Amino acid sequence: MSCRRLSKTLICAAAIFISQPSSARWYTVQGTAPITDSVAQARDEAVNDAIRNAMLEAGAQVSIVSDFKGGVLEHNSMSVHSSVPVRKVLVTEEQKTAGRVSVTVKVLLDDEHQRTCAASKLRKSVLPVVFGFRDQNAYQGSAGIESISQEISSSVYDELSKSSALAVRPPVNATLNGTGYGNAPDGQLRDNIRGLGSQNQAGFVVTGTINSVAASDAGSGVMDKLFYQRTRTINFSVTVYEAQNGSQIFSQNYQAVTDWPFKQGDYLDLRSEQFKGSAYGARLHQLTQRAASDIVMSLQCRMPTASIIDLDNDGFIINLGSENGIEPGMKFTIGQTSQTIAPDGGTYDRVDKAHGVYVVDKVYPTSSRLKSANLNDNLLNIRVNDQVQIAQ
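Q: I'm lost on helix α8 (residues 279–300) in this one. Help?
A: Helical geometry: 3.6 residues make up each α-helical turn, so side chains three or four residues apart lie on a common side. Between its first and last C-alpha, α8 extends 32 Å over 22 residues, near the 32 Å set by a 1.5 Å rise per residue. The element α8 is largely enclosed, with a buried count of 17 among its 22 residues.

Right, dumping it as structure tokens:
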């Protein structure tokens, strides 16, 4: 295969056979790309898309760059950084629909590499919020598969529950009012996030939005209807918030256009093998797996913060416990929160590190008791809702 184009670099590198190491693993993934210049180019781009999907499953790191001009989002670019070598690529299936090429690919990756960090030893308590439709148009586009929001929620959160890095709470139905700009939600949304985290003893809140699952015909011509199937969009977003302060720490959109082989008006069970085995069901599952993997990666190396939830004689109780990996002897510091008036008259939360180090002496499933490591450090100024962090 010729390596004329830079976009083919991954394919060309992967096509070189390297002896299969004992740590290598095969990934069966799908890729898709629009036909713009030629079918051959679209095929190459679809294979590259599949290789990227395999790397994401193996734990590659994703960087999202958004370009704004004049207050308008022009485009998002995504780069995948991976130390996982691609050993071999086999295209097992190829399908061409109206305007797109889809492929199924087996990718051999040396995935012995595992991302490690100090914070990965602590499990993060996560509260999932059931996905909702972005607006009425998004809901109307789900005609015939109105329960798709529950299915996407279930698929993403079931994948999250498999991660040893997280302690996942049961999903809740909640309406989060307010807006967010970048990673700075407004006061109403921030208070909603904080409230959910506090009520469910969760350090992080995950939300999801269905942007579109609308179906479309291949074209109006007779030949289009004879040779091409209808297609359907998959477009959803996930956002992760830190419950302690309500800040947004991760947000990503996932989308694809896939063949829709089902007839309009037919009853469709989204949990049936008929749906799961379809091109749409398979692609949907792949995207939800990718979303769950991205969420885990955004959290596993993040040092969790916790709150003081009660004072207990010569100690205090925090909302991290054995389910999070807390053990007796661990040391924490305290950050005391106060509201400060900004020059423009508004208020913001300020956290000041308090003197002293505090040691875990009792551990419960979702909480722990701490006491001072030094008798000279008293608890007079410590209050409920003060923050605690692991001493570095």
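Q: Looking at this model, I keep getting lost on helix α5 (residues 187–199). Mind explaining?
A: For α5, with 13 residues, the first-to-last C-alpha span of 18 Å sits near the 18 Å given by 1.5 Å per residue. Buried within α5 are the following residues: L189, I193, L196 and G197. The buried side chains of α5 occupy one side of the element, clustering within an arc of 100 degrees when seen end-on. In this structure, α5 carries S198 and Q199 as exposed residues pointing more than 90 degrees from its buried face. Looking one or two residues beyond α5, the residue adopting positive phi is Q201, at roughly 45 degrees.

Q: Looking at this structure, how should I read the pairing of strand β19 (residues 358–363)?
A: The side chains of a regular strand alternate, residue by residue, between the two faces of the sheet. Sheet topology note: the β19/strand β20 (residues 368–372) ladder contains five bridges and is antiparallel. Along β20, the bridge assignment pairs K362 with R369. Taken together, β19 and the strand that follows it, β20, pair antiparallel across an intervening segment of four residues.

Q: Would you mind showing me how to read the packing of helix α4 (residues 148–161) against α8 here?
A: Two packed helices can be described by the angle between their axes and the distance between those axes. Axis separation between α4 and α8 bottoms out at 8 Å; the angle between their running directions is 45 degrees. In this view, α4 runs oblique relative to α8, as classed from their interaxial angle. Seen along the crossing, α4 lies across α8 with a hand that is right-handed. In this structure, α4 contributes I148, I152, S155, V156, E159 and L160 to the contact, and α8 contributes L284, H285, T288, Q289, A292, I295 and V296. The class makeup of the residues in the contact of α4 with α8 is eight nonpolar, four polar and one charged.

Q: Whenever I open this one, the nonpolar core confuses me. Can you help?
A: As a rule of thumb, soluble globular proteins bury nonpolar side chains together. Grouped together as the largest cluster of nonpolar side chains are 34 residues, with contacts concentrated most on F131, I152, F236, V238, F275 and I295. Mapped by element, the contributors of at least two residues to this core are α4, β11 (204–212), β13 (230–242), β14 (248–260) and α8.

Q: Help me understand the packing of aromatic side chains in this model?
A: Both the distance between ring centres and the angle between the ring planes are used here to describe each pair of aromatic rings. Within the structure shown, the criterion is met by ten aromatic pairs. Centroid distance W260 to F262: 4.9 Å. Interplanar angle 70 degrees. Geometry classified as edge-to-face. W260 gets classed as buried once you look at its relative accessible area, which sits at 6%. Judged by its relative accessible area of 12%, F262 falls in the buried class. Centre to centre, the rings of W260 and Y280 are 4.9 Å apart; their planes meet at 85 degrees, and the pair counts as edge-to-face. Taken together, the residues span a long stretch of sequence, with W260 in strand β14 and Y280 in helix α8 at a distance of 20 residues. Residue W260 shares its accessibility class with Y280, and that shared class is buried. When the ring centre of W26 is taken as origin, the NZ or CZ atom of K106, which lies over that ring, is 5.2 Å away. Note that R232 overlies the ring of W260, its terminal NZ or CZ placed 4.6 Å from the centroid.

Q: Looking at this model, I keep getting lost on unusual backbone geometry. Mind explaining?
A: Keep in mind that most residues, glycine aside, have a negative phi and that most peptide bonds are trans. Backbone geometry places N313, a non-glycine residue, at a positive phi of 55 degrees. With respect to the element layout, N313 can be found in the loop between β15 (306–312) and β16 (315–318). The exposure class of N313 is exposed, given its relative accessible area of 75%. Phi angles above zero are rare outside glycine, and N385 is one such case at about 85 degrees. Within the element layout of this structure, N385 appears in the loop between β20 and β21 (387–390). Look at N385 and you get exposed, because its relative accessible area is 55%.

Q: Could you clarify how one ought to interpret the pattern of salt bridges in this entry?
A: Oppositely charged side chains may form a pair once their charged atoms are brought near each other. Tallying each qualifying case throughout the model produces eleven salt bridges. R369 is the salt-bridge partner of D314, the closest N and O atoms lying 2.4 Å from each other. Pair noted here: D314 is in the loop between β15 and β16 and R369 is in strand β20, with a separation of 55 residues, a long-range link. For R369, the salt bridge identified is with D361, shortest N-O distance 2.6 Å. Note on D361: relative accessible area 26%, which makes it partly exposed.

Q: What is the right way to read the pairing of β13 from this model?
A: With respect to burial, β13 is a largely interior element, eleven of its 13 residues being buried. Inspection of the sheet shows β11 paired to β13 by eight bridges, in the antiparallel sense. Opposite I210, over in β13, you have F236 as the bridge partner. Of the strand pairs in this sheet, strand β12 (residues 215–216) and β13 are connected by two bridges, and their pairing is antiparallel. If you follow A215 over to β13, its bridge partner there is R232. When β13 meets β14, the two strands line up antiparallel, connected through twelve bridges. From the neighbouring strand, T231 faces β14, where its bridge partner is D259. From the end of β13 to the start of β14, which pair antiparallel, there are five residues, and G246 there has a positive phi angle of about 75 degrees.

Rules used in this analysis
- Residues numbered from 1 in each chain as written.
- Predicted model: local features only at pLDDT ≥ 70, side-chain atom pairs only at ≥ 80, totals over all residues.
- Heavy atoms only, no water.
- Helix = DSSP H or I, 4+ residues; strand = E, 2+ residues; numbered from the N terminus.
- Expected span 1.5 Å × (residues − 1).
- Buried < 20%, exposed > 50% of the residue type's maximum accessible area, 1.4 Å probe, protein only.
- Arc of directions from axis to C-beta.
- Pairing = 2+ DSSP bridges.
- Axes fitted to C-alpha atoms, helices over the stretch in contact; angles between N-to-C directions.
- Parallel < 35°, antiparallel > 145°, perpendicular 65-115°, else oblique.
- Left-handed = near helix turned anticlockwise from the far one by under 90°.
- Contact = heavy atoms within 4.5 Å.
- Nonpolar A, V, L, I, M, F, W, Y, C, P; charged D, E, K, R; others polar.
- Core = buried A, V, L, I, M, F, W, Y, C linked by side-chain atoms within 4.5 Å.
- Phe/Tyr/Trp six-rings, centres within 6.5 Å; stacked < 30°, edge-to-face > 60°.
- Lys NZ or Arg CZ within 6 Å of the ring centre and 35° of its normal.
- Salt bridge = Lys/Arg side-chain N within 4 Å of Asp/Glu carboxyl O.

No statement about biological role is implied by the geometric values presented.
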